[in-house]
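Understanding the architecture of this molecule
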Amino acid sequence: MNLCPLFLAPMAELSHRALRELIERFGGADEYWTEMISAAALTSGGLFEQWYLDAGPRPEKVVFQLFGSKPDQIVKAAALLNTYPCAGIDINMGCCAPAIARTGAGIRWMEDIERAGALIARLRAVVSCRLSVKIRLGLTEDFDYLLRFCSRLESEKLDLITLHPRTAKEKFKRSARWDYVYRLADCMRIPVVGNGDILDPNDAMHRANGRCFALMVGRGAVRKPWIFACIKGTAPSFVDLEEAALLFLDFLSRYQPQPFHYSRACRFFTLFCDNLFWAHYLKHLLYKEHTLSGMEAVLSRYFREHEEEKLCRLP
Ligand SMILES: Cc1cc2nc3c(=O)[nH]c(=O)nc-3n(C[C@H](O)[C@H](O)[C@H](O)COP(=O)(O)O)c2cc1C
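Residues numbered from 1 in each chain as written. Predicted model: local features only at pLDDT ≥ 70, side-chain atom pairs only at ≥ 80, totals over all residues.

Because an α-helix packs 3.6 residues into every turn, residues spaced three or four apart end up facing the same way. Relative to the 18 Å expected for 13 residues at 1.5 Å per residue, helix α7 (residues 143–155) spans 18 Å between its end C-alpha atoms, a close match to the ideal helical length. Among all positions in α7, only Leu-146, Phe-149, Cys-150 and Leu-153 are buried. Taken around the axis of α7, the buried residues stretch over an arc of 90°, which confines them to a single face. When the buried face of α7 is taken as reference, the exposed residues oriented beyond 90 degrees from it are Asp-144, Arg-148 and Ser-155. Contacts from the buried residues of α7 go to α6 (113–126), β5 (130–138), β6 (160–167) and α8 (178–187). Lys-157 sits one or two positions beyond α7 and adopts a positive phi of about 70°. (Helix = DSSP H or I, 4+ residues; strand = E, 2+ residues; numbered from the N terminus. Expected span 1.5 Å × (residues − 1). Buried ≥ 20, exposed ≤ 12 C-beta atoms within 10 Å, placed from the backbone. Arc of directions from axis to C-beta. Contact = placed C-beta atoms within 7 Å.)

The structure is reproduced here in C-alpha cells:
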C-alpha cells in the first residue's frame, strides 16, 4: 500500500535523532520534522542548540521547525537554518501549550492574519528551501477564517501548510476533523498535509484519498516506529519489542545530551509501552529509574519475566 508521502510529526522531546534512527531501522518515513526549536534560543547561542540542529541520520529528509513570537528572531533563526542541508523550514503556528501560547508564539499567530502574512513575507526573503507552517483549526471552528488565514500566507509564497484539525481549546479531545483538511486542500493551490489520529495502516488508508498531499503521523509513530513501513507494506512480519526498546535507549545515549536522557526516555516509553500488556506497571518501573542503564535493566527483566510479549506480530 503506497499512498502518499508520510511525514513524522514535530513533537517536543520526541522528534529528535534517536527516534529518527529507530524509524529508519524499520524502513523510514519520507520526512522527519524536528521538535520545535526556539528561535530565541537559537539566535542567542543556547546551550543545547547543537543537539536540536543534529539532522542525522538523513538530513535531506529533515524539516526544522521553529517557534517564537518575535518576527526579528524568527527571521534570523530561519536564515541560519537555511544554511543547513534540510528538506525545509516550518513555522509553528499551532502549538497551544500554555507555556508557548502565553509568550505570543504557536497558535497565537493565528489570531492576526496580517501579522502572520507579514512574517511569511519576511521569511520568504531569507528562506530558499521549502517554507511551511503547521497550524490547528484556530482558536475557534470557523472555516472562512481558516481559509482567509491560509490564503494570505499562500499569497506571500508559502510552499506548504500542515493542518491538525482541532481547535486550540480541544488540545487532544474529540477526534481530528479531517473534513477540514480535505476542504482546505480543495481550496488551496499549495499542498496541504493532513495530521491527526493516524494510529495504524487502516487509518492511513482512509485518510489518503488523493485530496491531501501527505500524511503526518505523531504519537502513532512513537508507539509503533514501524508504522511507516506497515503503511508502505514493507514491514517485517514480527518486531522484537525488547530489541526496539533497547535500541532506542542506545540511540538516546549516543545522540542526545545527558541532561535530556530522562525526560526523553519517559516521553518515549509513555507511548511505546502501550504495545505491552503490563504497560502501566512497566512505565511505573521505568519512570523510577533516572539513568538509561537503569531503564535498560528494567526492560531486560520485564521481557525475561514476560517472554511471550517480546515478539509483536505486525498487520
Ligand atoms: C508530546 C507532543 C509534543 C508535540 N510537540 C509539537 C511541536 O513541537 N510542534 C508542533 O507543531 N506540534 C507538536 N505536537 C503536535 C503534533 O505534531 C501533532 O500535531 C499531534 O500530536 C496530532 O498528531 P497525532 O494524532 O498523529 O499525534 C506535539 C504533540 C505531542 C503529543
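From this point, the discussion proceeds with the structure in view.
Partitioning the protein chain into structural domains gives domain 1 (6–232) and domain 2 (238–313). Averaged C-alpha coordinates put domain 1 and domain 2 at centres separated by 27 Å. Counting only elements with at least two residues in the side of domain 1 that touches domain 2, the list comes to α1 (17–25) and α10 (219–223). Per-element accounting of the side of domain 1 that touches domain 2 gives the leading share, 5 residues, to α1. Residues that form the side of domain 1 that touches domain 2 fall into these classes: 8 nonpolar, 1 polar and 7 charged. (Domains from an automatic or database assignment. Nonpolar A, V, L, I, M, F, W, Y, C, P; charged D, E, K, R; others polar.)

This part takes up the site of the ligand. Surrounding the ligand, one finds 21 residues, the nearest of these being Ala-9, Met-11, Met-36, Gly-218 and Arg-219. Of all the secondary structure elements, the ones that give two or more residues to the shell around the ligand are β2 (31–38) and α10. Here the residues of the shell around the ligand are counted per class, giving 9 nonpolar, 8 polar and 4 charged. (Near = placed C-beta within 6 Å.)

For helix α15 (residues 292–305), which comprises 14 residues, the first-to-last C-alpha distance of 20 Å matches the rise-based estimate of 20 Å (1.5 Å per residue) to within 8%. Buried within α15 are the following residues: Leu-292, Met-295, Leu-299, Tyr-302 and Phe-303. Angular distribution of buried residues about the axis of α15 spans 90°; they occupy a single face of the element. Those residues of α15 that are exposed and aimed more than 90 degrees away from the buried face are Ser-293, Arg-301, Arg-304 and Glu-305. Contacts from the buried residues of α15 go to α12 (241–255), α13 (258–272) and α14 (279–288).

Before going further, it helps to examine the packing of α6 against α7. Where α6 meets α7, the closest approach of the two axes is 8 Å, and the angle between their N-to-C directions is 25°. One finds that α6 runs roughly parallel with respect to α7. Considering only the axes of α6 and α7, their crossing is right-handed. Touching Ile-113, Ala-116, Gly-117 and Ile-120 of α6 are Arg-148, Phe-149, Arg-152 and Leu-153, all from α7. Grouping the constituent residues of the contact of α6 with α7 by class yields 5 nonpolar, 1 polar and 2 charged. (Axes fitted to C-alpha atoms, helices over the stretch in contact; angles between N-to-C directions. Parallel < 35°, antiparallel > 145°, perpendicular 65-115°, else oblique. Left-handed = near helix turned anticlockwise from the far one by under 90°.)

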